[in-house]
Amino acid sequence: MPSYNKDSISTGLNTRLIGNKIHFFETLPSTNEKLYKLALSGAKEGSVVIADSQSAGKGRLGRRWFSPEGKNIYTSALVRPDMPASEAPRLTLVCAVALHETIAGFISNNIEFGIKWPNDLLTRSRKCAGILTEMKNKRQAVDFVVVGIGINVNLKQSDIPADLRHIATSLQIETGKESSREAIIQKLYFNIEKWYKEYLQNGFAPIAKAWNNYSIINGKQIKTSASSSVDAQKGIAMGVNNDGELLIDTGSAGIKTITCGEIDF
Ligand code: BTN
């Protein structure tokens, strides 16, 4: 494998927008945090940050993202869509579709693999990739969105801390072979650009259709977590609608929707 650096990533990158400016670091606390700061100082749409390792990689819900060197992908991409802030959560689903298509190209068809609401990529019930989106608003509109993506690529079982082994996996563990991080990241940027443009041009319906095709929860019994403002819901997941909400058939209480939050199934 070539050494993982800015040149090896930009050579062969087939995009116009995502990756138009690449910031590569051997190590960072967090690529999301770095790109957020760059965005505040005017970085252009399409800029990406990549690190070979992170010392304080951020997961959803305040969790840490395991980020050792030399093995995985940690990257963040900047978009500045002209849209109401209320629509920004849909971008996470746009990126989940892009991430699914990317990983699908590197694992075989017979491995059970799909999206768990809203954006976890699971292979055989364990997580191989995740997305953390962070945004800044300008009044009621989006100023910018940082989409952070972590993919466990060449981790071996023994590389994963014992407390994560039952929930985390990697492409190497699932396929038994190493994959090129460059090839995956190039495909990832290509797919993010493709689906982001699709959303801007044609609205959310094509994204909802793809997300529902790739979902591993549709038709299954799920349970949402309670929050300070919403009660927990139990029911059958019916997929996302054209507004990016997850529909849940609760039976006696009718169809409920959620726009964010965790689920179990
Ligand atoms: C999750 O909890 O599922 C989201 C994980 C997101 C991790 C990525 S790694 C690159 C980017 N930088 C971060 O600090 N987090 C995201």
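In what follows, the structure referred to is the one given above.
So, here's what we can say about the structure. The model shown is predicted, which means the values in this text are computed figures rather than measured ones.

## Looking at the overall build of the protein
Phase 1: Per the secondary structure count, the protein includes 6 helices and 12 strands.
Phase 2: In terms of overall size, the protein behaves like a compact globule, its C-alpha atoms giving a radius of gyration of 18 Å where 265 residues would be expected to give roughly 18 Å.
Phase 3: The principal-axis extents of the C-alpha atoms in the protein amount to approximately 55 × 45 × 30 Å.
Phase 4: The burial tally for the protein puts 51% of its 265 residues in the buried class.
Phase 5: The contacts of the protein with a sequence gap of at least 6 include a subset with a gap of at least 24, amounting to 64%.
Phase 6: A total accessible area of about 12200 Å² is found for the protein, and carbon and sulfur atoms account for 48% of it.
Phase 7: The protein carries 32 positive and 26 negative side-chain charges, and their two centres are separated by 1 Å.

## Considerations on the sheet that holds strand S10 (residues 246-249)
Phase 1: Pairing is antiparallel in the open sheet, where 5 strands are placed in the order S11-S10-S9-S8-S12. Of all the strands in the sheet, the pair left with one neighbour each is strand S11 (255-258) and strand S12 (263-264).
Phase 2: Both strand S8 (residues 221-224) and strand S9 (residues 234-240) contribute to a ladder of 3 bridges, which runs antiparallel. Counted as the bridge partner of Lys223 is Lys234 from S9.

## Thoughts on the nonpolar core
Phase 1: The biggest cluster of nonpolar side chains holds 61 residues, and the ones touching the most others in it are Ile50, Leu99, Ile103, Trp117, Ile151, Trp211 and Leu246.
Phase 2: With 9 residues, the top contributor of residues to this core is helix H3 (residues 89-104).
Phase 3: Those residues in contact with Trp211 that lie beyond four places of it in its chain are Leu93, Ala96, Val97, Ile115, Trp117, Pro118, Ile217, Asn218 and Val240.
Phase 4: Membership of the second largest hydrophobic core comes to 9 residues, among which are Leu35, Ala43, Ala51 and Val146.

How each quantity is defined
- Residues numbered from 1 in each chain as written.
- Predicted model: local features only at pLDDT ≥ 70, side-chain atom pairs only at ≥ 80, totals over all residues.
- Heavy atoms only, no water.
- Helix = DSSP H or I, 4+ residues; strand = E, 2+ residues; numbered from the N terminus.
- Rg over C-alpha atoms; globule rule 2.2 N^0.38 Å.
- Buried < 20%, exposed > 50% of the residue type's maximum accessible area, 1.4 Å probe, protein only.
- Contact = heavy atoms within 4.5 Å.
- Areas by Shrake-Rupley, 256 points an atom, 1.4 Å probe, with all protein chains shown as cover.
- Lys, Arg positive; Asp, Glu negative; His and termini not counted.
- Charge placed at Lys NZ, Arg CZ, Asp CG, Glu CD.
- Pairing = 2+ DSSP bridges.
- Core = buried A, V, L, I, M, F, W, Y, C linked by side-chain atoms within 4.5 Å.

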